[in-house]
Amino acid sequence: MREDNIFDEAAKDMTLEHKFFVNFGFSFAKQIRYELSVHPHINTQKDLAIAMKKTESEISRMLTGLHNLTLDSISKLCFVFGKELILTDLMAQEKYNSTLATGNEGNMIFINITINQFIILPMRNNNDEYQETVTLQDLFDSMPILPSKELMLS
Amino acid sequence: MKFFGLSLKENIFATFECVKQYDKVGYYTIKGSTMPISEFKDFYKRMSQEDKDQVLKIIYWLSVIGNEYGAMPDYFRPERNCHAVPPPIEITQQSIAMRLYCYLVDENIVVLFNGGLKTNNNPEKCPNVRQYFKKAQKWAINTRDLIIQRDKTRITNLDDLQIVYA
């Protein structure tokens, strides 16, 4: 079946900035949904709206993944759920003594998992400067050296 | 058509067209028989001139929904009989926001209509989106009444589907 080419046409103009915005929005929305599912008291959008002193429609918008969250809103969410919901690369290093993404060369990306363990992952496509998201499965699958793999899995 | 001095308005019909097929969602749009391009294409062309950045975010967002999540109602704004893709920018902060009206047949099939930059919380009071909002309401009701046959995310009786366009 013939498809209109609007999505493909738009994809040519998309930058990593557009993708980061949307991917981050979805990740954050997913995190909020998770927090709602495990919090002892705040389990619904209505509970969250009351706790954050916002309207339900604002909460609903946050959960769409296409919402421009402000630092103010993120801080309120952290306060309400009583935890840090965002972990920057440096914060992650301090917490886990690891670097999540350190750089790229050619069409390969270098990931430093723990000290002295470097893994090379192929990039998804040559237009991306570096791979946008790396799942744990990607990391395990890409580990060629058995001792490291066993170390990580243990 | 004139009939004994009375003006009887003839219905113009619209057919459905496939925009993009993803693993979890098939996106469709409608095209009026008297219109040169489909509603979604019109939205894309007009809005790309107004704010291409927002258009690209919305399209990428639709592609992520289509590939990974499915068209769950939580990801869309309910707008009476239809839905809308929500704004990437808070209306209260910048006083403009893009709306793309659509109809969720279910989580696997979405019909994209048209939209614009909304300047008022009430779409019926916004000169930019009023016409698209009203049409989307009507088209959504008409689409709801159709019998849509499908194979997962693909509408299989596309040629049989049409609604009153105007």
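Every chain's residues receive numbers from 1 upward, in the order its sequence appears when written. The order in which chains are written sets their letters, starting at A; the order in which ligands are written sets their numbers, starting at 1. Side-chain atom pairs in this predicted model are given and counted only at pLDDT of 80 or more, local residue features only at pLDDT of at least 70, and totals for whole chains, interfaces and linings cover all residues. Here the side-chain values reflect all heavy atoms present in the structure, with hydrogen atoms and water set aside.

## Considering the overall build of chain A
(1) Moving on: Only DSSP runs of H or I reaching four residues or more are called helices, and only runs of E reaching two or more are called strands; each is numbered from the N terminus. A count of helical and extended segments in chain A gives 8 helices and 3 strands.
(2) Moving on: Each residue is assigned to one of three classes by its accessible area relative to the maximum for its type, calculated with a 1.4 Å probe on protein chains only: buried under 20%, partly exposed between the two thresholds, exposed over 50%. Taking all 154 residues of chain A together, 38% fall into the buried category.
(3) Moving on: Intrachain contacts of chain A at a sequence separation of at least 6 include 35% that bridge at least 24 residues. What makes two residues a contact is simply this: any of their non-hydrogen atoms within 4.5 Å.

## Brief notes about the overall build of chain B
(1) Moving on: Looking only at helices and strands, chain B has 3 helices and 11 strands in total.
(2) Moving on: Taken from N to C terminus, the helices and strands of chain B fall in the order β-β-β-β-α-β-β-α-β-β-α-β-β-β.
(3) Moving on: Every one of the 166 residues in chain B was classed for burial, and the buried ones make up 52%.
(4) Moving on: Across chain B, contacts joining residues at least 24 apart in sequence account for 53% of those joining residues at least 6 apart.
(5) Moving on: Element-wise, carbon and sulfur atoms account for 48% of the exposed surface of chain B, whose accessible area totals about 7900 Å². Calculation of accessible area relied on Shrake-Rupley with a 1.4 Å probe; when residues are assessed, cover is drawn exclusively from the protein chains displayed.

## Some thoughts on the pattern of salt bridges
(1) Moving on: Salt bridge, as used here, is a side-chain nitrogen of Lys or Arg placed within 4 Å of a carboxyl oxygen of Asp or Glu. Evaluated as defined, the whole model comprises 10 salt bridges over all chains.
(2) Moving on: Taking the shortest distance from any N to any O, the salt bridge between Lys20 of chain B and Asp8 of chain A comes out at 2.8 Å. You can see Lys20 of chain B sitting in strand β3 (residues 13-21) and its partner Asp8 of chain A sitting in helix α1 (residues 6-13), one on each of two chains.
(3) Moving on: Close ionic contact of Asp42 of chain B with Arg46 of chain B constitutes a salt bridge, the shortest N to O distance being 3.0 Å. In this pair, Asp42 of chain B and Arg46 of chain B both sit in helix α1 (residues 39-69), 4 residues apart, roughly one turn of the helix.
(4) Moving on: Beyond isolated ion pairs, a larger network of salt bridges with shared partners links Arg77, Glu79 and Arg99 of chain B.

## Let's talk about helix α3 (residues 130-144) of chain B
(1) Moving on: Given a helix with a known number of residues, its expected span is that number minus one, times 1.5 Å. For α3 of chain B, built from 15 residues, the straight-helix expectation of 21 Å at 1.5 Å per residue is met to within 8% by its first-to-last C-alpha distance of 21 Å.
(2) Moving on: Within α3 of chain B the residues assigned to the buried category are Tyr132, Phe133, Ala136, Gln137, Trp139, Ala140 and Thr143 of chain B.

## A closer look at the interface of chain A and chain B
(1) Moving on: Contacts between the two partners involve 30 residues from chain A, matched on the other side by 40 residues from chain B.
(2) Moving on: Here's the idea: put two parts together, see how much 1.4 Å probe accessible area each one loses, and the total over both is what we call buried area. Carbon and sulfur atoms make up 61% of the area that chain A and chain B hide from each other, which totals about 3300 Å².
(3) Moving on: Joining chain A to chain B, the criterion identifies 3 salt bridges.
(4) Moving on: Between N or O atoms, a polar contact is any pair within 3.5 Å; within protein, one atom must be a potential hydrogen donor and the other a potential acceptor, and residues adjacent in sequence are included only when both atoms are from side chains. Where chain A packs against chain B, one counts 6 residue pairs in polar contact (both at pLDDT 80 or more).
(5) Moving on: When contributions to the side of chain A that touches chain B are tallied by element, the ones reaching two or more residues are α1, α2 (16-38) and α4 (56-62) of chain A.

## Quick look at the environment of Ser60 of chain A
(1) Moving on: By the secondary structure assignment, Ser60 of chain A is in helix α4.
(2) Moving on: Taking the relative accessible area as the measure of exposure, Ser60 of chain A reaches 23% and is therefore partly exposed.
(3) Moving on: Expressed as a C-alpha distance, the spacing of Ser60 of chain A and Ala29 of chain A, which sit 31 residues apart in the sequence, is 9.7 Å.
(4) Moving on: The residues contacting Ser60 of chain A, other than those within four sequence positions of it, are Gln45 of chain A together with Asp74 of chain B.

## Topic: the layout of surface pockets
(1) Moving on: Using only the protein atoms, space was sampled on a 1 Å grid; points where a 1.4 Å probe fits but cannot get out form cavities, open sets with protein on both sides within 12 Å along at least five of seven lines form pockets, and lining residues are those with an atom within 4 Å of a point. Grid points are joined across faces, edges and corners, and a volume is the space filled by probe spheres set on the points. By volume, the second largest pocket amounts to about 160 Å³.
(2) Moving on: If you go around the second largest pocket, the residues you meet are Gln45, Ser57, Ser60, Arg61, Leu63 and Thr64 of chain A together with Pro73, Asp74, Phe76, Arg77, Pro78 and His83 of chain B.
(3) Moving on: Breaking the lining of the second largest pocket down by element, the ones donating at least two residues are α4 of chain A together with β5 (77-79) of chain B.
(4) Moving on: Considering each element in turn, the lining of the second largest pocket owes the most residues, 3 residues, to α4 of chain A.
(5) Moving on: Each residue is assigned to one of three groups, with Ala, Val, Leu, Ile, Met, Phe, Trp, Tyr, Cys and Pro labelled nonpolar, Asp, Glu, Lys and Arg labelled charged, and all others, Gly among them, labelled polar. Considered class by class, the residues forming the lining of the second largest pocket number 4 nonpolar, 5 polar and 3 charged.

Nothing here speaks to function; it is geometry throughout.
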